[in-house]
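# Structural description and commentary
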Amino acid sequence: MDVSIEGQQMAVQPGASCADALGLALSKKKAKQVLACRCGEALLDLTTTVPEGCAELVPVYEDSDEGVHLLRHSAAHIMATAVKRLYPDAKVTIGPAIDSGFYYDFDYVRPFTPEDLQAIEAEMAKVVAEDAPFERSVMSAAEATKFFADQGETYKAEIIADLGAETVSIYKNGSFTDLCRGPHIPSTGRLKAFKLTSVAGAYWRGDEKNRMLQRIYGTAFADEKALKKHLQRIEEAKKRDHRKLGTQLDLFSISEEAGPGMIIWHPKGALVRTILEDFERKEHLKRGYEIVQGPQILRQDLWERSGHYENYRENMYFTQIDDQAYGVKPMNCLSHMLIYKSRVRSYRDLPQRYFELGVVHRHEKSGVLHGLLRVRQFTQDDAHILCRPDQLQEEIIGIIQFVGDVMGLFGFEFELELSTRPEKSIGSDEDWERATAALEHALKTVGLPYDINEGDGAFYGPKIDIKLRDALERSWQCATIQCDFTLPERFDLVYIGDDGERHRPVMLHRVILGSVERFIGALIEHFAGAFPTWLAPVQARLLTVTDAQNEFAAKALAALKARGIRAEADVRNEKLGYKVREAQMDKIPYILVIGDKEVEAQGLNVRLRTGENLGLKPVEEVAGLIVADCQEPFKRGGMSYSFAAS
RNA sequence: GCCCACGUAGCUCAGUAGGUAGAGCACAUCCUUGGUAAGGAUGAGGUCAUCGGUUCAAAUCCGAUCGUGGGCUCCA
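Residues numbered from 1 in each chain as written. Chains lettered and ligands numbered in written order. Predicted model: local features only at pLDDT ≥ 70, side-chain atom pairs only at ≥ 80, totals over all residues. Heavy atoms only, no water.

### Points about the pairing of strand 32 (residues 603-608)
Applied cut-off: Here the term buried applies to any residue with accessible area under 20% of the maximum for its type, exposed to any over 50%, and partly exposed to those in between, with areas from a 1.4 Å probe on protein chains only. Under the scheme used here, helices are H or I runs from DSSP no shorter than 4 residues and strands are E runs no shorter than 2 residues, and both carry numbers assigned from the N terminus. At least two bridges found by DSSP between two strands are what make those strands a pair.
Of all the 6 residues making up strand 32, 5 are buried; the element is thus mostly covered by neighbouring parts of the structure. Bridging between strand 31 (residues 590-594) and strand 32 involves 4 bridges; their strand directions are antiparallel. Bridge assignment links valine 593 to a residue of strand 32, and that residue is asparagine 605. Hairpin remark: strand 32 followed by strand 33 (residues 613-618), antiparallel, with 4 residues in the connecting loop; positive phi at glycine 611, about 100 degrees.

Structural data, given as structure tokens:
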């Protein structure tokens, strides 16, 4: 039969293996770099017979994304091989390749220590040196169950039972045999560069009711160079960590004395927040929202009525005032409901868009707290939109555009997810379908790509989530848009329609930044601490060469401040190089040097934090430069904004 | 909440056989007035997270608690 391989038509003998077939077309050198191959969607081992009717065989090279993925999957097997040799009583469970490497979960009587990891890594090197082939075979489910059960591998037996398939494939490399769909690299010797990175606990099947297993993480690459590069990249990313930069730039702190998950904003960080919030308030007003504000604690009865007491109690804080039970708000919706209810609403009044920078408290489990990204008290840029069903579509589109404009302002790339009805949910099928269709249609209208997260919606309605990634590629939810039928029902919200009858409005919960804390954390990492000029707590610092320029420095400083620029002067008795270094490390956008030449010319010597030097310019010109720089990012979204502290 | 690791000066970290603590930066004082990433000298600063135990003696060994980090579960 004729098979196309990298553009060449090859006559392949029936029954030939993929390796044989590829060998016809590829040079020896290239063939050596092939780990597996693909026929259509199917990934195949090189030992597999070329499937009948296969028109094209695509080699999977070790340095391709697919190849590295394969390498990592096989590395997981090799790790399990080593673990079983060193700790025969350990039971194997699952071990997939993941974005950054691979892991394997084991059930063992004691936790693995860092020393164990070293030993396992050394044993893996031996397994690799043995260069044993990965051999695939197929067994009936019953046979396989017995095979694994006989070895005490109860988890594998459980997995086979759950698969419900008649036959399963297994892979053997040397002494170790594992249940696996495959494919795998030809032999263990093909694993050239790997490293075990950490041990962690992980629940069997990700359920906290199950036994906790020992998960060993590792990573693998096509060669040592790529591995080294990866490890270096992680080191670099750690320098962008917002927790580190938060301390270095004196933005915020978290004090053990004050309590975990509570952010203490220092002057510079609080200023960044203030500017961001000021921008948001103005932008919301422009987009037809009204600013509202509710109390921090509300009576418990109200939380019972909303369903929060029943569904969200473990995350809430409660208190008692004059024998009355109160709940500290974990969400802002309740007072917004009450505002709507405070008078009769006409269909002409809708949509009502209530915006609140609301401070919420949530009792998060201690193990999940993470710098600014996961805290117990945070501020949401929250809004609730109450509208007629026929307005739903347009409102959702407006929100998605809002999110797009704001993310574009910061140059954030984000991922969109549409989450549909979960198993445990309330409301009619009709409502769910309509709301999901509205969300999906809106996504299509704005033309942004999105993933569907089947069954991951809130219990009261479907939602769109917007996720950003941190320096270490972990993804964090920021913006979210949620449809809700329950609250309008529970609070009996109505409007009078043009027919004079009472109708139920539809409600949207939405945040744009999500949490101000989390968003600033993401911003710090995104910009590596170098905030865009409009957000930078200090926009310009004047550096004098000697104290002979102090007088002019004061004059120039006043001139910049008069233009609303956040500037300060460094007139300390230090060398210029020292002051430049410090300003540079403080990531100040404009470093303005004043020596005798500048005094004489009544100008400033402009150095950017990139190291670029713009030379000597009149003070007014520099001010104009900085002011224009602040405007720049807003042009993209057709927005405008200015924050002037003075 | 669960698993593992960690907690020494404001920050970054030494402290390797248990014998009452060190460096660099930052800070203070003095000298130095020096053009684009660190000038010099001197000084101050720590109940070694907290509590308890073992020991003649604990930063060091053991336990508990609190906190942090990496994961799991959960979520803005």
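Anyway, onward from the coordinates.
### Some details on the packing of aromatic side chains
Given two aromatic rings, one states the distance between the centres and the angle between the planes to describe the pair. Put simply, the test is: Pairing of aromatic side chains requires ring centres within 6.5 Å, counting the rings of Phe and Tyr and the six-membered ring of Trp. Pairs whose planes differ by under 30 degrees are stacked, by over 60 edge-to-face, and all others tilted. Two conditions define a charge sitting above a ring: the NZ of Lys or the CZ of Arg must be within 6 Å of the ring centre, and it must be within 35 degrees of the ring normal.
Enumeration according to the criterion identifies 22 aromatic pairs in this entry. Between phenylalanine 252 and tryptophan 265, the aromatic rings sit 5.9 Å apart at their centres with planes inclined by 55 degrees, giving tilted as the arrangement. Taken together, the positions of phenylalanine 252 in strand 14 (residues 252-253) and tryptophan 265 in strand 15 (residues 264-265) put the pair 13 residues apart, joining distant regions of the chain. For the pair phenylalanine 252 and tryptophan 265, one class covers both residues: buried. Between tyrosine 289 and phenylalanine 402, the ring centres sit 6.2 Å apart and the planes meet at 55 degrees, which makes this aromatic pair tilted. With tyrosine 289 in the loop between helix 9 (267-286) and strand 16 (290-291) and phenylalanine 402 in helix 13 (residues 392-410), the pair connects residues that are 113 residues apart, well separated along the chain. Of the two residues, tyrosine 289 and phenylalanine 402, neither departs from the other in class, the shared state being buried. The positively charged end of arginine 353 is found above the aromatic ring belonging to tyrosine 289, 6.0 Å away from the centroid.

### Details of the sheet that holds strand 5 (residues 58-61)
The strands making up a sheet associate through backbone hydrogen bonding, with each pair oriented either parallel or antiparallel. To keep it simple, the criterion reads: For helices, the axis comes from a line fit to the C-alpha atoms of the stretch in contact; other axes are also lines fit to C-alpha atoms, and the angle between any two N-to-C directions lies between 0 and 180 degrees.
Strand order across the open sheet formed by 3 strands is 4-3-5, with antiparallel pairing between neighbours. The outermost strands of the open sheet, each flanked by one partner alone, are strand 4 (42-44) and strand 5. Across the sheet, the mean angle from the axis of one strand to that of its neighbour is 35 degrees, orientation sign disregarded. Judged from the 4 bridges that link them, strand 3 (residues 34-39) and strand 5 form a sheet pairing that is antiparallel. Across the sheet, residue arginine 38 finds its bridge partner in strand 5, namely valine 58.

### Quick notes on the protein's contact with RNA strand B
Stated precisely, the cut-off is as follows: Whether a residue is near a molecule or strand depends on its heavy atoms: if one lies within 4 Å, it is near. Counting of polar contacts relies on pairs of N or O atoms within 3.5 Å, with two restrictions inside protein: one atom must be capable of donating a hydrogen and the other of accepting it, and residues adjacent in sequence are counted only when both atoms are side-chain atoms. Gly is put with the polar residues, along with every residue not named as nonpolar or charged; the nonpolar set is Ala, Val, Leu, Ile, Met, Phe, Trp, Tyr, Cys and Pro, and the charged set is Asp, Glu, Lys and Arg.
In the region of RNA strand B, 55 residues are neighbours, and Tyr203, Ser366, Val545, Asn573 and Arg581 sit closest. Each atom of RNA strand B within 4 Å of the protein was assigned to sugar, phosphate or base; sugar and phosphate come to 49%. Note that a phosphate oxygen of RNA strand B is positioned 3.1 Å from one of the side-chain N or O atoms of arginine 474. Between RNA strand B and asparagine 605, the relevant distance is 3.3 Å, taken from a base oxygen to a side-chain nitrogen or oxygen of the residue. Looking at the surface near RNA strand B, the elements with two or more residues in it are strand 12 (193-203), strand 13 (212-221), strand 21 (377-387), strand 25 (475-484), strand 28 (506-515), helix 18 (576-585), helix 19 (596-601) and strand 32. Among the elements that take part in the surface near RNA strand B, helix 18 stands out by supplying 7 residues, more than any other. Each residue belonging to the surface near RNA strand B can be placed in one class, and the counts come to 19 nonpolar, 18 polar and 18 charged.

These values are about where atoms sit, not about what they do.
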